[in-house]
Amino acid sequence: MIETIDTALVRGISSGPAGPVLSLQTDDGAARLPLAAGQWLRFEVLSGDGIPSRFCLGFTRLQESGEHEHFPCPSGQPAERGFQCGACFSKDQLRLMHDFHRSGQGSVGLKAYLAQQHWLYIATFADGTTKVGTASERSKWSRLAEQGALVARYVARAQDGAVVQAFGRCRLEQSATHPICARGREVCRTLTAPATPAP
């Protein structure tokens, strides 16, 4: 199968019924490129004057049922914070889950999303940095794939997302012996600056 896409933003790897797919955002909307063993994937990363190193990937809205829907950045802005521009960051309803375990405040949709079973994982990257993270039952396997870690493992399961978020935060605060990262920009750094192998 040969498929050519002129220009697209890569949103990450996800898993579908037929296997892994590369999730893209094109001028025509969302696109999914199936990935098969042995398949060639060629791409060019745009760079140069006026081209940001990262573009905004949009924002997520939560429905009252807890289902979420992704929207592309309406203005194609550079990413300012993690993978979002300021406007999309302020519209993103899913990011609020990281504070819910402290405040208990959230929309009906956020509470429904967090009411589902969640998992706690530990992922280690090429530079030796380790991240403690969470994933909903629905995104359990795609979450690890999109992290790009060398090694990752689920270590705990909770019946709701607030509990697993609190436990993940506790693990971060207690880890003083090994570098732990929690933010997307730190994950990005670990992928682009791997540790030098020991002699």
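Model, not experiment: these values are computed from the prediction.

Asker: Break down the overall build of the protein chain for me, citing the residues and quoting the values.
Answerer: In terms of regular secondary structure, the protein chain is built from six helices and nine strands. Put simply, the protein chain has 199 residues, and 32% of those count as buried. Taking all contacts inside the protein chain whose residues are at least 6 apart in sequence as the whole, residues at least 24 apart take part in 49%.

Asker: So, the pattern of salt bridges: which residues are in play, and what are the values?
Answerer: By the definition in use, this model includes one salt bridge. Of the charged contacts, one joins R138 and E67 as a salt bridge, the two residues approaching to 2.8 Å between their closest N and O atoms. Taken together, the residues span a long stretch of sequence, with R138 in the loop between β7 (130–136) and α4 (140–147) and E67 in the loop between β4 (59–62) and β5 (68–71) at a distance of 71 residues. Residue classification places R138 among the exposed residues on the basis of a relative accessible area of 53%. A relative accessible area of 40% means that E67 is categorised as partly exposed.

Asker: Quick one: what's the story with the side chain of Q117, residue by residue and with numbers?
Answerer: One can find Q117 in the loop between α3 (108–114) and β6 (118–124). Overall, the relative accessible area of 19% leaves Q117 in the buried class. Separated by 2.6 Å, the side chains of Q117 and E137 make a polar contact. Among the polar contacts listed, one links the side chain of Q117 to the side chain of Q159, at a separation of 3.2 Å. With residues up to four places along the chain from it excluded, the contact list for Q117 reads S136, E137, R157, A158 and Q159.

Asker: Give a description of α4 that names residues and reports values.
Answerer: Among the residues making up α4, those that are buried are K140, S142, L144 and Q147. A positive backbone phi angle near 75° is found at G148, which sits one or two residues after α4.

Asker: Residues and numbers for the environment of A135, please.
Answerer: Following the sequence through the fold, A135 ends up in strand β7. Judged by its relative accessible area of 3%, A135 falls in the buried class. Sequence spacing of A135 and R157 is 22 residues, and the spatial spacing of their C-alpha atoms is 9.6 Å.

Asker: Let's hear about the side chain of S23: which residues, and what values?
Answerer: Checked against the element boundaries, S23 lands in strand β2 (residues 19–26). Take S23: its relative accessible area is 11%, and that puts it in the buried class. Residues contacting S23, with those up to four places away along its chain left out, are L9, V10, R11, G12, S14, A31 and R32.

Asker: Talk me through the nonpolar core; I want residue IDs and the actual numbers.
Answerer: Counting eight residues, the largest nonpolar core consists of L62, L94, M97, F100, L110, Y113, L114 and A162. Contributing elements (two or more residues each) for this core: α2 (97–103) and α3. In terms of residue count, the dominant contributor to this core is α3 (three residues). Excluding anything up to four places from it in sequence, L114 contacts M97, F100, D160, G161 and A162.

Asker: I'd like to hear about the pairing of β2, residue by residue, with values.
Answerer: Along β2, seven of the eight residues are buried, which leaves the element largely enclosed by surrounding structure. As paired elements, β2 and strand β3 (residues 29–34) share six bridges and run antiparallel to each other. Looking at β3, one finds that L22 is bridged to L33. Where β2 folds back onto β3 in an antiparallel hairpin, the turn is made up of two residues.

What counts and how
Residues numbered from 1 in each chain as written. Predicted model: local features only at pLDDT ≥ 70, side-chain atom pairs only at ≥ 80, totals over all residues. Heavy atoms only, no water. Helix = DSSP H or I, 4+ residues; strand = E, 2+ residues; numbered from the N terminus. Buried < 20%, exposed > 50% of the residue type's maximum accessible area, 1.4 Å probe, protein only. Contact = heavy atoms within 4.5 Å. Salt bridge = Lys/Arg side-chain N within 4 Å of Asp/Glu carboxyl O. Polar contact = N/O pair within 3.5 Å; in protein donor to acceptor, adjacent residues only side chain to side chain. Core = buried A, V, L, I, M, F, W, Y, C linked by side-chain atoms within 4.5 Å. Pairing = 2+ DSSP bridges.

Everything listed here is a matter of geometry and, on its own, says nothing about what the molecule does.
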